[in-house]
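# Chain and residue survey
Chain residues, written in single-letter form:
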Amino acid sequence: MDHDAFRALEPWCWRAPSAHNTQPWRLRYEPDAIRIGWDPAHTLPVGDPTGRDLRLSLGAFVETCLIVAADAGLRLEYVADHDEHHRWVGLLRPAPERHPTPFRTTDVWERRTHRGVLAGAVGPDTRAALDAVARPAGGGVRAVPDAGRLGTLLRTADRRQYADPAVVAELRHWLRLDPTHPGYHADGLTDRCLTLSRPAAVGLRAALAGYPVLRPLGLPRLLAAADDPLARGGTVLVLLAPEHLDPPGQVEFGRVLLRAWLTLHTAGLAAHPLSQLIDVPTTRTALGALLDVAPQRLLHVTRVGRPTRPAPRSARRVRA
């Protein structure tokens, strides 16, 4: 197995999406394979207690590795070998053929999360294409029909999360609101990627610094009301999974999620995750009722539309 050839591709593989841009994946080069695992220091034990977002991120990384390798002419396949105790999900190993994919490294490089203005609605052709990506894995894609009800649920989810000191502490750890932050060009959520102006970034940093004092005075409600992503347009789509999905299955659905995001990208669209809607149990249940599906089938929620301007590229620890 040509380890050096794959090592040269790592900067593009690292463009896979991850919750809070934590980039949890780790590679171990073995004689006949490359083992994919994760670093617990780059996970979200409070915000993602079940590990759902971690496993989706790892699956997205797996699919990104396969796409980049295939585009470079490397013949690799992924073999699941899930081990929670040792924190491994599987192996990349030599294969008879290149991984079949319609996507290229340029798609991986250019795809970006977009938290700004997204114009237009997602048409039936795009929704059908996304559904076709999810259906072979037992999933599907649904549009949320009631924007007014969704807005209420989103504010409730934000308020519940901002009211939890542990969630806020974890968020603060991954926020990069000042360019002088040592991790600003490596990982986490920067002010630029959050589309915050300099005064807004300074204000948020001050509010979170004063959180212990300001929380009982109503800071969670103010923070939840300060931003309304639904006002910036787009259609909210939900990725549905089979009802009983085990951890290895969630990794596989991370691969589905990456293919869905690249399908949007190649159609000229972008996505903005709204994971808080399913991270908070009460809003997850309510969203399931709104869609008439079992809450445990809700795997990913995202706002989708056509960007009105380019989004900044998020930081990576490994860069081209």
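Every value quoted in this text rests on a predicted model; they were computed, and no experiment measured them.

### Describing the overall build of the protein
- Looking only at helices and strands, the protein has 13 helices and 11 strands in total.
- At 19 Å, the protein has a C-alpha radius of gyration in line with the 20 Å of a compact globule built from 320 residues.
- Here the protein holds 320 residues, and 51% of them are scored as buried.
- Of all intrachain contacts in the protein linking residues separated by at least 6 positions in sequence, the fraction that spans at least 24 positions is 75%.
- For the protein, the accessible area works out to roughly 14400 Å², and carbon and sulfur atoms hold 54% of it.

### Let's talk about the pattern of salt bridges
- One pass over the full model with this rule turns up 17 salt bridges.
- A salt bridge links Arg26 to Asp39; the shortest N-O distance between them is 3.4 Å. Of this pair, Arg26 sits in strand 1 (residues 25–30) while Asp39 is found in the loop between strand 2 (33–38) and helix 3 (52–71), placing the two residues 13 residues apart along the sequence.
- Each of Arg28, Glu30, Arg35 and Asp81 takes part in salt bridges that share partners, so that together they form one network.

### With respect to a nonpolar patch on the surface
- Where nonpolar side chains cluster on the molecular surface, the patch consists of Val213, Leu214 and Leu217 and spans about 300 Å² of accessible area.
- Since its relative accessible area comes to 67%, Leu217 is described here as exposed.

### So, the environment of Val89
- In this structure, Val89 sits in strand 4 (residues 88–94).
- Assessed through its relative accessible area of 1%, Val89 is described here as buried.
- In sequence terms Val89 and Arg104 are 15 residues apart; their C-alpha atoms lie 24 Å from each other.
- Non-local contacts of Val89, meaning those with residues more than four positions away in its chain, are made with Ile36, Gly37, Trp38, Leu58, Tyr78, Ala80, Asp81, His82 and Val251.

### Here we look at the sheet that holds strand 1
- Taken together, four strands build an open sheet; the order of strands is 1-2-4-3 and the sheet is antiparallel. Two strands lie at the open edges of the sheet, namely strand 1 and strand 3 (76–83), each paired on one side alone. Each strand axis lies, on average, 25° off the axis of its neighbour in the sheet, ignoring direction.
- Each of strand 1, strand 2, strand 3 and strand 4 touches helix 3; the most contacted strand, strand 3, lies at about 160° to it.
- Running over the sheet, helix 11 (residues 247–266) touches strand 3 and strand 4 and is turned about 150° from strand 3.

### Structural notes on helix 7 (residues 165–174)
- Every buried residue of helix 7 is listed here: Val167, Val168, Glu170, Leu171 and Trp174. Down the axis of helix 7, the buried side of the element spans an arc of 160°, and every buried residue falls inside it.
- Between the side-chain oxygen of the N-cap and the backbone nitrogen of Ala166 there are 2.9 Å, and the N-cap of helix 7 in question is Asp164.

Reading guide: rules and limits
Every chain's residues receive numbers from 1 upward, in the order its sequence appears when written. Local features in this predicted model are restricted to residues whose pLDDT is 70 or higher, and side-chain atom pairs enter the listing and the counts only when it is 80 or higher, whereas totals over whole chains, interfaces and linings include all residues. Computation of side-chain values: all heavy atoms of the structure, hydrogens and water removed. Helix and strand definitions follow DSSP, with helices as H or I runs of at least four residues and strands as E runs of at least two, each counted in order from the N terminus. For the radius of gyration, the atoms used are the C-alpha atoms, and the globule rule reads 2.2 Å times the number of residues raised to 0.38. Here's how the labels work: a residue is buried when its accessible area is under 20% of the maximum for its type, exposed when over 50%, partly exposed in between, all with a 1.4 Å probe on protein chains only. When checking whether two residues touch, look at their non-hydrogen atoms; a contact exists if any pair is within 4.5 Å. Using the Shrake-Rupley algorithm and a 1.4 Å probe, accessible areas are obtained, with residue cover drawn only from the displayed protein chains. The working definition used for a salt bridge is a side-chain nitrogen of Lys or Arg within 4 Å of a carboxyl oxygen of Asp or Glu. Residues enter patches when they are more than 30% accessible in relative terms and free of salt bridges; like-charged ones are connected within 9 Å and nonpolar ones (Val, Leu, Ile, Met, Phe, Trp, Tyr) within 5 Å. Two strands pair under a simple rule: DSSP has to find at least two bridges between them. Fitting a line to C-alpha atoms yields each axis, with helices limited to the stretch in contact; the angle taken between N-to-C directions then spans 0 to 180 degrees. Taken from the helix axis, the directions to the C-beta atoms give the arc we talk about. We call two N or O atoms a polar contact when they sit within 3.5 Å, provided that within protein one can donate a hydrogen and the other can accept it, with sequence-adjacent residues counted only if both atoms are side-chain atoms.

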